[in-house]
Each structure stands twice: as structure tokens, then as C-alpha cells.
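Coordinates in review
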Amino acid sequence: MADQPLVVSTAAQHLAASVLSAFPNTATAAPPGPDGADAHPAMLRRALAYIDDHADRPVTVAEIARAARVTVRGLQYAFRRHLDTTPLAHLRRVRLAHAHHDLLAADPADGATVTDIAARWGFYHPGRFASLYRGTYRRPPRVTLAGE
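From a predicted model like this one, the values you see are computed outputs, not experimental measurements. (Residues numbered from 1 in each chain as written. Predicted model: local features only at pLDDT ≥ 70, side-chain atom pairs only at ≥ 80, totals over all residues. Heavy atoms only, no water.)

Now for the packing of aromatic side chains. The tally for this structure, following the rule as stated, stands at 3 aromatic pairs. Pairing F129 with Y133 gives two aromatic rings, centres 5.7 Å apart and planes at 45 degrees, and the pair type is tilted. Placement of the pair is F129 and Y133 together in helix α7 (residues 126-137), with a separation of 4 residues, close to one helical turn. For Y133, a relative accessible area of 0% corresponds to the buried category. A cation over an aromatic ring shows up here: R73 above the ring of Y77, its NZ or CZ 4.5 Å from the ring centre. (Phe/Tyr/Trp six-rings, centres within 6.5 Å; stacked < 30°, edge-to-face > 60°. Helix = DSSP H or I, 4+ residues; strand = E, 2+ residues; numbered from the N terminus. Buried < 20%, exposed > 50% of the residue type's maximum accessible area, 1.4 Å probe, protein only. Lys NZ or Arg CZ within 6 Å of the ring centre and 35° of its normal.)

What follows is the structure, encoded as C-alpha cells:
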């Protein structure tokens with residue numbers, strides 16, 4: 001798993017989040033822009049396009065915000081307001097859709113495994129991937145891979 005860039009990136013992000021939540025800090029959330037409004041739909045389209053184009057790479061919320069030309073907080077507000085989700089939850093859904101497509105296209109006779117496909121799309125914990133997959137596609141990933 002250590003040779004999968006999405007797995008390494010996700011582990012590093014979890015470590016950073018754990019450290020930030022474990023130790024006191026004085027960071028505050030940035031308020032919305034001067035007019036109090038969140039970002040407009042064009043910004044959201046740029047963010048969605050960036051996520052779609054970079055789903056196979058390690059991506060942070062800051063990178064998505066930079067590509068959309070908005071602050072991180074503005075990006076989060078826009079996703080919550082217009083899509084009722086977060087940028088990273090949307091990224092996870094996009095990656096899950098790619099993993100689903102790869103499972104459908106893969107041949108287990110050629111050595112394809114659910115674990116390898118999941119790791120390729122940044123899901124480093126097979127049990128969590130299987131649970132998320134089952135919740136979305138109503139079947140275990142191994143069944144999809146087997147073509148049943």
C-alpha cells in the first residue's frame with residue numbers, strides 16, 4: 001500500500017488532522033467575503049472540473065479552492081449550499097465511481113483484485129471501501145468484480 005500515492009496522501013492528511021485536533025490552536029475559520037455571499041456557480045463548476053480531472057491524484061481542499069479561485073471557506077460554503085456536501089465527500093464519491101467503473105471493466109482472471117482497485121482510487125482500508133461501496137451500489141465490490 002505504501003507505493004500508492006493516494007494512500008500515502010490520505011494517511012498524511014489523517015495524521016495532520018489528528019495532530020490539529022489533539023493540540024490546542026488559535027486558528028479560526030475565515031468569514032465569507034465582504035458581501036457575506038458564498039461563491040457563485042461558475043466557481044463551483046471549476047471546482048467540480050478540477051475534482052474530476054484530478055481524482056486519481058492526491059488532492060487537498062486548498063488545491064481545489066485554488067483551482068476554483070476562491071477561499072477554502074468559500075468553497076466549503078458553496079459545496080454545502082449548492083450540493084449539500086463537502087468538497088472531500090464529493091471527491092470520495094467521484095473516486096468511488098471510478099473504482100466502480102474499474103471493477104466492472106476488470107477481469108479477475110488477469111489478477112485484478114478489489115484491494116488493488118480500491119487502493120488505486122485512494123481507499124486504503126478494504127473493509128471501509130467495501131462498506132462504502134455496498135452502501136452506494138447495493139452489492140459487495142467482489143460481486144461486481146466477478147461480474148455476477
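So that's the structure; there's more coming.
The end-to-end C-alpha distance of helix α5 (residues 87-105), which contains 19 residues, comes to 27 Å, matching closely the 27 Å that a straight helix rising 1.5 Å per residue would cover. When α5 is considered as a whole, its buried residues turn out to be P87, A89, H90, L91, V94, R95, L96, A99, H100 and L103. (Expected span 1.5 Å × (residues − 1).)

A contiguous nonpolar surface patch, about 310 Å² in accessible area, is contributed by L15, V19 and F23. Its place among the elements puts L15 in helix α1 (residues 5-22). The class of L15 is exposed, set by a relative accessible area of 57%. (Patch = residues over 30% accessible without salt bridge, like charges linked within 9 Å, V, L, I, M, F, W, Y side chains within 5 Å. Areas by Shrake-Rupley, 256 points an atom, 1.4 Å probe, with all protein chains shown as cover. Salt bridge = Lys/Arg side-chain N within 4 Å of Asp/Glu carboxyl O.)

Membership of the largest hydrophobic core comes to 27 residues, with the highest contact counts inside it found for I64, L75, L103 and F129. When residues no more than four places from it in sequence are discounted, the contact partners of L103 are V114, I117, F129, Y133, P141, T144 and L145. (Core = buried A, V, L, I, M, F, W, Y, C linked by side-chain atoms within 4.5 Å. Contact = heavy atoms within 4.5 Å.)

A word on the side chain of T144. Examined against the element boundaries, T144 turns out to sit in helix α8 (residues 141-146). For T144, a relative accessible area of 2% corresponds to the buried category. One polar contact links T144 to Y133, side chain to side chain, over a distance of 2.8 Å. For T144, the contacting residues outside a window of four places in its chain are H100, L103, L104, Y133 and R139. (Polar contact = N/O pair within 3.5 Å; in protein donor to acceptor, adjacent residues only side chain to side chain.)

A separate point is the pattern of salt bridges. Enumeration according to the criterion identifies 3 salt bridges in this entry. R80 is paired through a salt bridge with D84; the nearest N and O atoms lie 3.9 Å apart. R80 gets classed as partly exposed once you look at its relative accessible area, which sits at 43%. Looking at D84, the relative accessible area reads 60%, which means it is exposed.

A separate point is the environment of D56. Along the chain, the position of D56 falls in the loop between α2 (41-53) and α3 (61-68). In the structure, D56 is positioned 51 residues away from P5 in sequence and 9.1 Å away in space, judged by C-alpha atoms. Contact partners of D56, with chain neighbours within four places excluded, come to L6 and W121.

The next point concerns helix α4 (residues 72-83). A rise of 1.5 Å per residue sets the reference length of α4, with its 12 residues, at 16 Å; its end C-alpha atoms lie 16 Å apart and thus fit the reference within 8%. Here α4 has its buried residues at G74, L75, A78 and F79. Each buried residue of α4 lies within a common arc of 135 degrees when the element is viewed along its axis, so the set occupies one face. Along its buried surface, α4 packs onto α2, α3 and α5. A positive backbone phi angle near 55 degrees is found at D84, which sits one or two residues after α4. (Arc of directions from axis to C-beta.)

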